[in-house]
Structure formats: structure tokens, C-alpha cells
Amino acid sequence: MNGVGLFYETVGAGDPLVLVHGSWGDHHNWEPVLPDLVQRYQVLVYDRRGHSQSERPPRQGSRTEDEDDLGALMDELGFAPAYVAGNSFGASIVLGLATRRPELFRGLIAHEPPLAGVVTGEPELQPLMDATDQKIGSVLAHLRAGETQAGARLFVEEVALGPGAWEQLPEQMRETFLHNAPTFLDEQKDPGWAMLDLTALSQFTEPALVTRGTAGPPWFATITTRIAEALPQAQVHTFEGAGHIPHVTHPKDYVDAVTGFLQTAGRRP
């Protein structure tokens, strides 16, 4: 699809639902919520380019290519219009595609997209953003030096999930982080990875659910607020006690929020 080989699976029956994983991960990240979701929906999961079983092109990539991959996959499988849910960088991809190809969507769900560009210049956030930039810079320095595990652990514990989180992740997820680390380095070289055209997003009129967690990095609250304000049909949900990957750490809460939203969206005229 779109010039790159993508691994994908479809399972279940019902309205189509696409799940888009974040950086470092792959389609296995959705396994904690799949058993419940496939009881109600036909679910499409896939590995984004450069991740796990999908092809890793040697040249510099961009988030726009990820968006085009998603659109091409949905077109190829006849999986549109669909509800599309994304987590973290996957949420950025979903939102970016929604601004460019809204006809592919019945609705969207986005959890904590790291779209720092939408809050650039907000003085109360600048110290937090500067500190996060420094931590990501340290992650990238480790990866460039071939210190993959040190970089992955630093990202998990200092950027995404919090102290001690690396050892709490399932072993398979840690191995996936290490395998996909080069693609995170590639993503960060894309000058537009953190940007989103909010004016274009405001033209997306399908139902949208924007979510965040109380235990995640605090700057996500402002980003999700800006995203929700731009979407004409947005609902906002906060996962109490959850952080950046609620579908992994709080799967029942995630399923309840998603299915509740989709049931409401499906009843919309």
C-alpha cells in the first residue's frame, strides 16, 4: 500500500473500526482491548511502516506518508468509511488524515496526540515543553549512539509513562520497543511531525472523541483541549488514573469509553 508493504489483520464483524498504534509499538499493543471490540465491530489493526512486520524503507520518512499509508490501506481493503482510533503518534496520523481525506471517516478517536506545534507560544507550557524537548534529545542521542535499550527506557520513564514503567511493561512490548527504535529516530527527523492545521481540522464534521489521562505528561491536557476546540463534533473524555496508553493499562475503561462513543455516533442522523 502506498509503495510500502504493510502487515495487517482484520477480525470481528460489524461496523468497521481501524486502530492505529503509536511510536515504538505495533498492532499487538491493541490486544488487551481486541477481545471486547471484536464482539461489536470489524476491527482492522496493522503495523505502521517501519514497525515490526511492515516494511522499513531506507530513506527519510514523514508523518504524511503514514497518513497516506492508512488511507491507501482503507481504500485497498474497502474499509471506508470507518471509525478510526489512534494512540499517541497514531492519533496524530488519524487527525492529519482527517484534515485531508475526511470521506474515509465515520468518526475518529484520538488519545494524547503529541502535536506540540498546536501549543507553541503558550507561555505557561513553555517550561514543560523545554524540559520534554531536552529529554527527547537525550533519547535521540542514545539511539544515535547505538544505545537502544537506554534510549527506549529513557523515553518510557521520562517522556511517556513515568518512573519504573519500563520494567512493568510486558516483555514482548519491551522487545517491540527495541526493534522499532530506529523508526522513532526517523520520525523525529521529520520537520512536520508535531504540526497540525487546526483550520483544516475544523472542517471535519464527523463525530470525534478526544481523550487524555490524568497520569500522563501534563502538556497533553492543553494539546487535547486545542484539538477538541477545533473539532465541531468533539467529545472529550479523561481516563482517571491512566496515562499515555490506556488501552494497555486500563483496557476495560478504554473499551467502555470507545464503545459508548461509537454507539452514540452510530445513532447520529
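Residues numbered from 1 in each chain as written. Predicted model: local features only at pLDDT ≥ 70, side-chain atom pairs only at ≥ 80, totals over all residues. Heavy atoms only, no water.

Visitor: So what's going on with the overall build of the protein chain? Residues and values would help.
Guide: Secondary structure assignment for the protein chain yields 11 helices and seven strands. On C-alpha atoms alone, the protein chain measures out to a radius of gyration of 17 Å, which is about the 18 Å that the 2.2 N^0.38 rule sets for 269 residues. With an accessible surface of roughly 11,100 Å², the protein chain has 50% of that area assigned to carbon and sulfur atoms. Side-chain charges of the protein chain comprise 19 positive and 35 negative groups, with the mean position of each set lying 2 Å from the other. (Helix = DSSP H or I, 4+ residues; strand = E, 2+ residues; numbered from the N terminus. Rg over C-alpha atoms; globule rule 2.2 N^0.38 Å. Areas by Shrake-Rupley, 256 points an atom, 1.4 Å probe, with all protein chains shown as cover. Lys, Arg positive; Asp, Glu negative; His and termini not counted. Charge placed at Lys NZ, Arg CZ, Asp CG, Glu CD.)

Visitor: If you had to explain helix α9 (residues 219-230) to someone new, which residues and values would you point to?
Guide: Its 12 residues give α9 an end-to-end C-alpha distance of 17 Å, which sits within 8% of 16 Å, the value for a rise of 1.5 Å per residue. Of all the residues in α9, the buried ones are W219, F220, T222, I223, T224, I227, A228 and A230. (Expected span 1.5 Å × (residues − 1). Buried < 20%, exposed > 50% of the residue type's maximum accessible area, 1.4 Å probe, protein only.)

Visitor: Requested: an account of the packing of aromatic side chains, with residues and values cited.
Guide: Counted under the stated rule, the structure contains 10 aromatic pairs. Between the aromatic rings of W24 and F177, the centroid separation amounts to 5.3 Å while the plane-to-plane angle is 25°, which identifies the pairing as stacked. Of this pair, W24 sits in the loop between β2 (15-20) and α1 (34-37) while F177 sits in helix α7 (residues 171-188), and the two are 153 residues apart along the sequence. Its relative accessible area of 10% is what places F177 among the buried residues. Ring geometry for F105 versus F204: centroids 5.5 Å apart, planes at 90°, classification edge-to-face. Note that F105 is positioned in strand β5 (residues 105-111) and F204 in the loop between α8 (198-201) and β6 (208-213), a separation of 99 residues in sequence. By the burial criterion, F105 is buried, and F204 matches it. Taken together, the ring pairs in this structure connect W24, F155, W166, F177 and F184 into an aromatic cluster. (Phe/Tyr/Trp six-rings, centres within 6.5 Å; stacked < 30°, edge-to-face > 60°.)

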